[in-house]
Amino acid sequence: MIHSEIAKHRNDITIRNIWEARKQISSMVNKTPLIQSSILSEKIDRPVYLKLENVHEVGAFKVRGAANKILSLSEEEKNRGVTTFSTGNHGLAVAYVAKKLGIEATICISNRVPRAKVDSLRRLGANIEIFGEDQDTAGERCYQLQAEKGLTVIQPFDDPYVIAGQGTIGLELMEEIPNLTDVIVPLSGGGLLSGIGLALKSIEQDIRVTGVSMEHSAVMYESLKAGKPVKLKESETLADSLLGGIGLDNQFTFRMVQKYMDEVVLIPENEIAYSMAFMMDKHRMIMEGAAATGIAAVLGNKIPHQDGGIAIIISGQNVDLTVLLKLTQNYIFDQNE
Ligand SMILES: *Cc1c(COP(=O)(O)O)cnc(C)c1O
């Protein structure tokens, strides 16, 4: 194992673990491009950069954390295989990494999961276990597989290796934007924000970290307000990758988001839709709703003004094209906008 053991205690993930993650995943995960957006920069009169995490082969940043976690397993654990119950970007990332390493991946899903998602997981060579009527029940099957067959459950966010993997984005930002003052991070379970926040603030305490979520079912936001992890009912949103609980026995990300996030901004659905259409029309870029929340925060002038650069994490691009095209048609942008 190349890694020094990450202690299982709270508080114990450090920037050293993020540097280790960077070395660990370098053979599998490419550094992503950073571009300056002149349209957004002109709109708010300061440099706006887009960190293109959508260009990973799986279309989202989650490959960083999944790679770091799976590569940290012992040979014996790798031989027994891995499992997870996400059907979204985390599930794709786990299946992708496992395939590259020749490890068996089993994704547990409920019988409600749409055919298209099941097909893309199968294409990545994952075993699919269909179990129960909802995500929670499918999750239980993962833990059964762990108990019965010794598979390792790969958590989507509340795991030190996953957090350190996502944190490698922070190192790349620091190298490329010396005058960085703000970073905008889509927020769900908080693995992405915890990793980036830890990396950036270990280097420069004054960099402001803003989390962005959709207005309804923002579980981390409501949990922070309550002072402890809470459960919420899910409602329909374009930012579907931001749905899901943070775990009532959350070990790491609740506390880390509390520590590293300066501010949280909630985005209404119509602004998510507008931002997806705007990026399609003006930037010729496809982004999923979760990623568009960061664009919406800038377009809506929700980031307090200060000098220096803003980086928006473009976290993913896995959106149903019929949805994107339809909402793009609903907005007509004139030339001067
Ligand atoms: C998972 C995901 C997020 C949120 O990451 P967390 O670590 O759960 O906060 C944001 N955007 C996309 C596209 C994602 O897949």
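Just above, that's the structure.
In what follows, the accompanying structure is described. Only a predicted model underlies this, so the values are computations on that prediction, with no experimental measurement involved.

**Focus on the pairing of strand S10 (residues 309-314)**
Inference 1: Where burial is concerned, most of S10 is hidden: six out of the six residues are buried.
Inference 2: Judged by which residues are buried, S10 turns out to be covered on both faces: Gly-309, Ala-311 and Ile-313 on one side and Ile-310, Ile-312 and Ile-314 on the other are all buried.
Inference 3: Bridging between strand S2 (residues 48-52) and S10 involves five bridges; their strand directions are parallel. Each bridged residue has a counterpart across the sheet, and for Leu-50 the counterpart in S10 is Ile-312.
Inference 4: One ladder, built from four bridges, connects strand S7 (residues 180-186) with S10; its direction is parallel. Pairing of Leu-180 across the sheet is with Gly-309, part of S10.

**Some points on the packing of helix H3 (residues 63-71) against helix H8 (residues 160-176)**
Packed helices, taken two at a time, are described by the angle their axes make and the gap between the axes.
Inference 1: In contact at an axis separation of 7 Å, H3 and H8 are set at 130° when each is read in the N-to-C sense. Between H3 and H8, the angle is such that the two are oblique. Our pair here, H3 against H8, has a crossing hand that is right-handed. For the pair formed by H3 and H8, the contact residues are Arg-64, Gly-65, Asn-68 and Lys-69 on the first element and Tyr-161, Val-162, Ala-164, Gly-165, Gln-166, Thr-168, Ile-169 and Glu-172 on the second.
Inference 2: In the contact of H3 with H8, the residues fall into four nonpolar, five polar and three charged.

**Topic: the nonpolar core**
Inference 1: By size, the foremost hydrophobic cluster in this structure holds 34 residues, and its most contacted members are Leu-50, Ile-312 and Ile-314.
Inference 2: When contributions to this core are tallied by element, the ones reaching two or more residues are helix H2 (38-44), S2, strand S8 (208-214), strand S9 (263-267), helix H12 (269-283), helix H13 (289-299), S10 and helix H14 (321-329).
Inference 3: In this structure Leu-50 touches Pro-33, Leu-34, Ile-35, Ser-37, Leu-40, Met-279, His-283, Met-285, Ile-295, Ile-312 and Ile-314, once residues within four positions along its chain are discounted.
Inference 4: Judged by nonpolar contacts, the second largest core, of 29 residues, contains Val-58, Val-94, Ala-95 and Val-113.

**Some words on helix H10 (residues 219-226)**
Inference 1: Within H10 the residues assigned to the buried category are Val-219, Met-220 and Ser-223. Within H10, the buried residues cover an arc of 95° as seen down the axis, which keeps them to one side.
Inference 2: Close packing links the buried residues of H10 with helix H11 (253-260).
Inference 3: Just past H10, the residue Gly-227 takes up positive phi, approximately 80°.

**A look at the environment of Gly-227**
Inference 1: Among the secondary structure elements, Gly-227 is positioned in the loop between H10 and H11.
Inference 2: Separated by 28 residues in sequence, Gly-227 and Arg-255 place their C-alpha atoms 9.9 Å apart.

**Re the site of the ligand**
Inference 1: Lining the immediate environment of the ligand, one finds 16 residues, of which Lys-62, Asn-89, Ser-188, Gly-190 and Ser-315 sit closest.
Inference 2: Gly-190 is positioned such that a nitrogen or oxygen atom in its backbone is 2.7 Å from an oxygen atom of the ligand.
Inference 3: The separation between an oxygen atom of the ligand and a polar main-chain atom of Gly-191 is 2.9 Å.
Inference 4: In isolation the ligand exposes 390 Å². Once the protein is present, 97% of that is buried.
Inference 5: In terms of residue class, the shell around the ligand is made up of six nonpolar, eight polar and two charged.

**Here's the deal with the pattern of salt bridges**
Inference 1: Scanning the model with the defined rule gives 19 salt bridges in all.
Inference 2: The residue Glu-129 makes a salt bridge to Arg-141 at a minimum N-O spacing of 2.9 Å. Here Glu-129, found in strand S5 (residues 127-130), pairs with Arg-141, found in helix H7 (residues 135-149); they are twelve residues apart in sequence, far enough to count as distant.
Inference 3: Exposure remark for Glu-129: the relative accessible area of 22% places this residue in the partly exposed category.
Inference 4: Given the relative accessible area of 12%, Arg-141 is considered buried.

**Topic: the sheet that holds S9**
Two pairing modes exist for strands in a sheet, parallel and antiparallel, and in both the strands are linked by backbone hydrogen bonds.
Inference 1: With mixed pairing, the six strands of this open sheet are ordered in space as S1-S2-S10-S7-S8-S9. Two strands bound the open sheet, and with one partner strand each, they are strand S1 (34-36) and S9. For this sheet, the mean inter-axis angle between neighbouring strands, taken without regard to orientation, is 25°.
Inference 2: Packed onto the sheet, helix H9 (residues 191-203) meets S7, S8 and S10 and runs at close to 165° relative to S7.
Inference 3: Along the sheet, H13 contacts S2, S7, S8, S9 and S10; its crossing angle with S7, the most-contacted strand, is approximately 140°.

**Comments concerning a negative patch on the surface**
Inference 1: Residues Asp-134, Asp-136, Glu-140 and Glu-234 make up a contiguous surface patch of negative charge.
Inference 2: Of note, Glu-140 is situated in helix H7.

Cut-offs and rules
- Residues numbered from 1 in each chain as written.
- Predicted model: local features only at pLDDT ≥ 70, side-chain atom pairs only at ≥ 80, totals over all residues.
- Heavy atoms only, no water.
- Buried < 20%, exposed > 50% of the residue type's maximum accessible area, 1.4 Å probe, protein only.
- Helix = DSSP H or I, 4+ residues; strand = E, 2+ residues; numbered from the N terminus.
- Pairing = 2+ DSSP bridges.
- Axes fitted to C-alpha atoms, helices over the stretch in contact; angles between N-to-C directions.
- Parallel < 35°, antiparallel > 145°, perpendicular 65-115°, else oblique.
- Left-handed = near helix turned anticlockwise from the far one by under 90°.
- Contact = heavy atoms within 4.5 Å.
- Nonpolar A, V, L, I, M, F, W, Y, C, P; charged D, E, K, R; others polar.
- Core = buried A, V, L, I, M, F, W, Y, C linked by side-chain atoms within 4.5 Å.
- Arc of directions from axis to C-beta.
- Near = heavy atom within 4 Å.
- Polar contact = N/O pair within 3.5 Å; in protein donor to acceptor, adjacent residues only side chain to side chain.
- Areas by Shrake-Rupley, 256 points an atom, 1.4 Å probe, with all protein chains shown as cover.
- Salt bridge = Lys/Arg side-chain N within 4 Å of Asp/Glu carboxyl O.
- Patch = residues over 30% accessible without salt bridge, like charges linked within 9 Å, V, L, I, M, F, W, Y side chains within 5 Å.
- Lys, Arg positive; Asp, Glu negative; His and termini not counted.
- Charge placed at Lys NZ, Arg CZ, Asp CG, Glu CD.

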